[in-house]
Structures are given as structure tokens and as C-alpha cells.
Amino acid sequence: MPIDPDASIEITAFDWVPPFAAGLVRDLRVRWALEEAELGYRTRLLDARAPRPPEYLREQPFDQVPSYREGALQLFETGAIVQHVGEKDERLLPRDAIGRARAIQWTYAALNSVEPALQSFASLDLFFAGEEWARLRRPGAEELARLKLKRLSDWLGDREWLEGSFTIGDLMMVSVLRILRDTDLVEQHASLAVYQAAAKPARHFSARSQRSWMISRRRAEMSYVDGFVIAVPTANKQKFIDHANTADVVFKEMGAIRIVECWQDDVPDGKVTDFRRSVQAKEDESVCFSWIEWPDKATRDAAFAKMMDPNNTDPRMDPANNPMPFDGKRMIFGGFAPVVDV
Ligand SMILES: N[C@@H](CCC(=O)N[C@@H](CS)C(=O)NCC(=O)O)C(=O)O
């Protein structure tokens, strides 16, 4: 289920996270639940490196992601959000009273009994590596993490899932186990390794949707890139920046993850081909090299279809309102599927 910019469900996420956090940001849990329930959603991406707007505290009192919006309903806390999504699909949250209560219980267990121990341990290496106090704390933190894993492994035994079938409890527990992905502690328990692996096919993981996943090792499998080379009159540099600042917001709203517009700096003439020739750049023009990164091709195709829609009256994309400060006929562009992403 690709991100749908018109979906009624909206979640917040970060537009970028450092590699160590990629694949661990908590909006992933919500995306996974939405994917399982086959519900479309749109994302509102926040800048992780800048303070959130003060009004964000009214939707997420702790200034974190994700938050969830659906009509008049505003939710925060992944446990509450995932449970809410579960209510919409009995494949995630059984309808019978006992099954339902047990699934909810496991969601709490993941967040309350397991996650704090795993997070405390993982944080030592992620955030405080090299600090003396962290070195001293590490053995105790590891012991507690190992104990939690053992208890969980003992419960699972030969079971496929925590209860009879996959539920929000498993979804949350597997998400929490991922916190230890840079260690082999989980894999040391055969039952946990099997459990984690079994959740993979079930997850239909918002593989095509989350920025943090894209930054992760799975990134090359799922993202999609549009590349552009443009000849811009050198005198129009500021106009080009202003135009891009207006238009690129629209791409972001339609699901683009990253848009980079680059002005020529070291662009040599080639013997056979070069950037300037590719767009027939004139003496008084500079070459710009830009790309848009999408979570997947479907999101990109949907965005382009919307852009081309004659009924789309967005003034930011209207040439009369926001004229292109370059000759669009000489621009070259194309869509590319990543094959390597290191
Ligand atoms: N208990 C919250 C935790 C949310 C949380 O820790 N979010 C992190 C990203 S994984 C965050 O926004 N960190 C940025 C910050 O705290 O400033 C939940 O489960 O929703």
C-alpha cells in the first residue's frame, strides 16, 4: 500500500535520520500496522534537525514522532495508535474478548516490559560509546536485556506467534526486538530468530514508504529517483532558487523524501559528452543538477499524474504564477531505480 497523499489518515515522521537510527524510528510501527490493515495514509515529514513548530506540542505533547490524525481524532504514542489501527482489522486485533485482551496485553508488554531494557542497553553503544560510565554500565544493561530475551524466548518456545495468530502484540514485539539489530543477542535464541524471521513476510513492511527504511540497507530495493539536468541563465540563480523553494514543497507534499537542487561548481567540458552539451547550455547559462528521491515508484507516478492533471490548479505549479526561470524544453530528466545504495 503506497503512501497516498489524499488518504484521510496522516502520520508524522522525520524527513531524515542519521544512519544509526534508520529503520528504528517509531513511525515504522504505525506504518507497519497500516500496511497490514491495508489502509492508505499520508505523511507529514518534520525536520529532525530543527526544532518542531511550537504548535506541534498540541498534537504530540512530548514533541516526538509519530503522531496520528484521522478526521477529528488526534493520537500520539505508538501503542495507542497501533491499537487504534488494530481495531479496524481483526487480522491485527481479534474480535473475541479474550483474544483482543491478550493481544493488547502483549502490546503493553513489548513497550513496557521489554523495550526499556533493550533500549537502555542499545543506547549505550549508540549514544555513549567510549564514555567510561557507559563502559561500566554495559554489563548490567546487557544482562537485563538478555534476561528479557530469555523470558520472551521461553514463552514463545515452538509457537509461531505470542498467541494463536499474528496480532498487534507481535507487531510491537518484533519492532522492539529490532532495537538490538546491531547485536546478535536476539539471534542467540533460536525461537526469537525464527519469530523475527516469520514476521517478515507477514509485515508487508511499509517497505515502500518509510524514509528510515530507505536509509537502511533495504533502501536500494525500494526507493526511486528522478534526475534532472537544466541550463539556467546565470543571472537567474536567485530566481531558480526561489522557484525551486516554492515548487519543491509541492513534491514534498506529494510524498517526495528529498529534493536536492545543485548549481554548477566544477563542471568540466568533456571531449565527447558533458553536462553543458547535454542541455545545450549557452555562454551565459549555468548547469543545474537536481534530483528527487521518492519512497517508491508508485508514489512518484501518482505525484506526476497529479502534476499533469489539467484539473490541478495548484498556483505553485502554475507557470503563470511561478514561471520557470529557464528553458524547460532543454531540460533533460528521467526516472531511475536505485541498484546500489551504500
Ligand atoms: N513513546 C513514544 C516514543 C516516541 C519516540 O521516541 N519518538 C522518537 C523517534 S523514534 C522521537 O521523536 N525522537 C525525537 C525527540 O525525542 O526529540 C511512542 O512510542 O510514540
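Residues numbered from 1 in each chain as written. Predicted model: local features only at pLDDT ≥ 70, side-chain atom pairs only at ≥ 80, totals over all residues.

Student: What is the right way to look at the sheet that holds strand β7 (residues 285-294) in this model?
Tutor: Within a sheet, neighbouring strands are paired by backbone hydrogen bonds and run either parallel or antiparallel to one another. Pairing within the open sheet is antiparallel, and its four strands lie in the order β6-β7-β5-β8. Each end of this open sheet is capped by a strand with a single partner; those strands are β6 (258-263) and β8 (332-336). Averaged over all neighbouring strand pairs, the angle between strand axes comes to 15°, with direction disregarded. Bridge analysis of strand β5 (residues 224-233) against β7 gives ten bridges, and the strand direction is antiparallel. Bridge pairing in β7 places V232 opposite S286. This element, helix α9 (residues 237-253), spans β5, β6 and β7 of the sheet and lies at about 170° to β6. (Pairing = 2+ DSSP bridges. Helix = DSSP H or I, 4+ residues; strand = E, 2+ residues; numbered from the N terminus. Axes fitted to C-alpha atoms, helices over the stretch in contact; angles between N-to-C directions. Contact = placed C-beta atoms within 7 Å.)

Student: Which parts of the structure should I look at to understand the sheet that holds strand β4 (residues 73-76)?
Tutor: On the basis of which strands lie adjacent, the open sheet formed by four strands has the order β2-β1-β3-β4 and mixed pairing. Each edge of the open sheet carries a strand with a single partner, namely β2 (42-46) and β4. The sheet shows a mean angle of 20° between the axes of neighbouring strands, taken without regard to direction. Relative to β2, strand β1 (residues 9-14) runs parallel, the two being bridged by five bridges. Bridging from a neighbouring strand, T12 pairs with R44 of β2.

Student: Would you mind showing me how to read the packing of helix α2 (residues 78-86) against helix α5 (residues 168-177) here?
Tutor: If you want to describe how two helices pack, look at the angle between their axes and the distance between the axes. Packing of α2 against α5 brings their axes to within 10 Å, and their N-to-C directions diverge by 145°. As for the relative orientation of α2 and α5, their crossing is right-handed in sense. Here G79, V82, Q83 and G86 of α2 come into contact with α5, specifically with I168, L171 and M172. The class makeup of the residues in the contact of α2 with α5 is four nonpolar, three polar and no charged. (Left-handed = near helix turned anticlockwise from the far one by under 90°. Nonpolar A, V, L, I, M, F, W, Y, C, P; charged D, E, K, R; others polar.)

Student: I tried to follow the domain arrangement of the protein on my own but got confused; where do I start?
Tutor: A common way to express how large an interface is: the accessible area buried when the components associate. Parsing the protein into structural domains produces domain 1 (9-212) and domain 2 (223-336). A C-alpha centroid distance of 37 Å is found between domain 1 and domain 2. (Domains from an automatic or database assignment.)

Student: What is the right way to read the site of the ligand from this model?
Tutor: Taken together, V25, R26, D63, Q64, V65, E77 and T78 are the residues near the ligand. Looking at the shell around the ligand residue by residue, the class counts come to two nonpolar, two polar and three charged. (Near = placed C-beta within 6 Å.)

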